[in-house]
Amino acid sequence: MTERQNAFTIKTNQLSDEVYDILAKYAKSRKLGDYISSLIVRDLHRASTNQVESAHRTEELLEHINSELQELKQLAKANGFVGKQEELEDKPSESQTLKEGKIADLEQVSGSLDDDDLEEFSDF
């Protein structure tokens, strides 16, 4: 630990009048050091409390996300969306699996361009 200074200097010309008046009141009653110390201890306590609250809130959000995900999975399963996808994931066919060096070619291309799409780029 470094050697402590006997006193700190506060540039009072950079303080608002309201802040200066409060500091002057504590300085005159010889309690300025105690006041500053109590403020710092309060800030340290608040910071540690905020970290705990933040961690707890994060945990709550993760639990909520997981429960929502489970509900979505159940809903998808009930509507028949999941069953087909799970079968595809469990048994990947040779055509779905790409290997290094294999060229993927698209036999069917779907989509179209409307005249509205082309108007956006007509200024180029």
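Details of the structure are given in the entry above.
Residues numbered from 1 in each chain as written. Predicted model: local features only at pLDDT ≥ 70, side-chain atom pairs only at ≥ 80, totals over all residues. Heavy atoms only, no water.

Undergrad: Please explain the overall build of the chain as it appears in this structure.
TA: What the chain contains, in helices and strands, is four helices and zero strands. Per element, the accessible surface of the chain, about 12500 Å² overall, is 53% carbon and sulfur. (Helix = DSSP H or I, 4+ residues; strand = E, 2+ residues; numbered from the N terminus. Areas by Shrake-Rupley, 256 points an atom, 1.4 Å probe, with all protein chains shown as cover.)

Undergrad: How should I be thinking about unusual backbone geometry in this particular structure?
TA: If a residue is not glycine, its phi is most likely negative; likewise, a peptide bond is most likely trans. Unlike most non-glycine residues, R30 shows phi in positive territory, near 60°. Relative to the elements of secondary structure, R30 occurs in the loop between helix 1 (17-28) and helix 2 (32-78).

Undergrad: How do you make sense of the packing of aromatic side chains when you look at a structure like this?
TA: Applying the stated rule across the entire model yields one aromatic pair. Consider the rings of Y26 and Y35, whose centres lie 3.9 Å apart with planes at 10°: the pair is stacked. Taking the relative accessible area as the measure of exposure, Y35 reaches 22% and is therefore partly exposed. (Phe/Tyr/Trp six-rings, centres within 6.5 Å; stacked < 30°, edge-to-face > 60°. Buried < 20%, exposed > 50% of the residue type's maximum accessible area, 1.4 Å probe, protein only.)

Undergrad: Explain helix 2 to me, please; I cannot follow it from the model alone.
TA: Three or four residues apart is the spacing at which side chains of an α-helix point the same way, because the helix has 3.6 residues per turn. The first and last C-alpha atoms of helix 2 sit 68 Å apart over 47 residues, in line with the 69 Å expected at 1.5 Å per residue. Positive backbone phi, at 85°, marks G80, one or two positions downstream of helix 2. (Expected span 1.5 Å × (residues − 1).)

Undergrad: Explanation requested: the pattern of salt bridges in the structure shown.
TA: Two side chains with opposite charge may pair up if their charged atoms get near one another. Tallied over the full model, the rule gives two salt bridges. Between R46 and D43 there is a salt bridge, with the nearest N and O atoms lying 3.9 Å from each other. Separated by three residues within a single helix, R46 and D43 lie in helix 2, roughly one turn from each other. According to the relative accessible area criterion, D43 is partly exposed, its value standing at 40%. Among the salt bridges present, the one from E60 reaches R57, with a minimum N-O distance of 3.5 Å. Here R57 and E60 lie together in helix 2, a separation of three residues that amounts to about one turn. (Salt bridge = Lys/Arg side-chain N within 4 Å of Asp/Glu carboxyl O.)

Undergrad: Is there a simple way to think about the environment of L23 in this case?
TA: Note on placement: L23 falls in helix 1. Residue classification places L23 among the buried positions, given a relative accessible area of 17%. Note: C-alpha distance between L23 and T12 (eleven residues apart in sequence) is 9.5 Å. If sequence neighbours within four positions are ignored, L23 has contacts with L15 and L32. (Contact = heavy atoms within 4.5 Å.)

Undergrad: Teacher, can you tell me more about a nonpolar patch on the surface here?
TA: On the surface, I10, I36, I40 and L44 cluster together into a nonpolar patch covering about 350 Å² of accessible area. Mapped onto the secondary structure, I10 falls in the segment before helix 1. For I10, a relative accessible area of 41% gives the class partly exposed. (Patch = residues over 30% accessible without salt bridge, like charges linked within 9 Å, V, L, I, M, F, W, Y side chains within 5 Å.)

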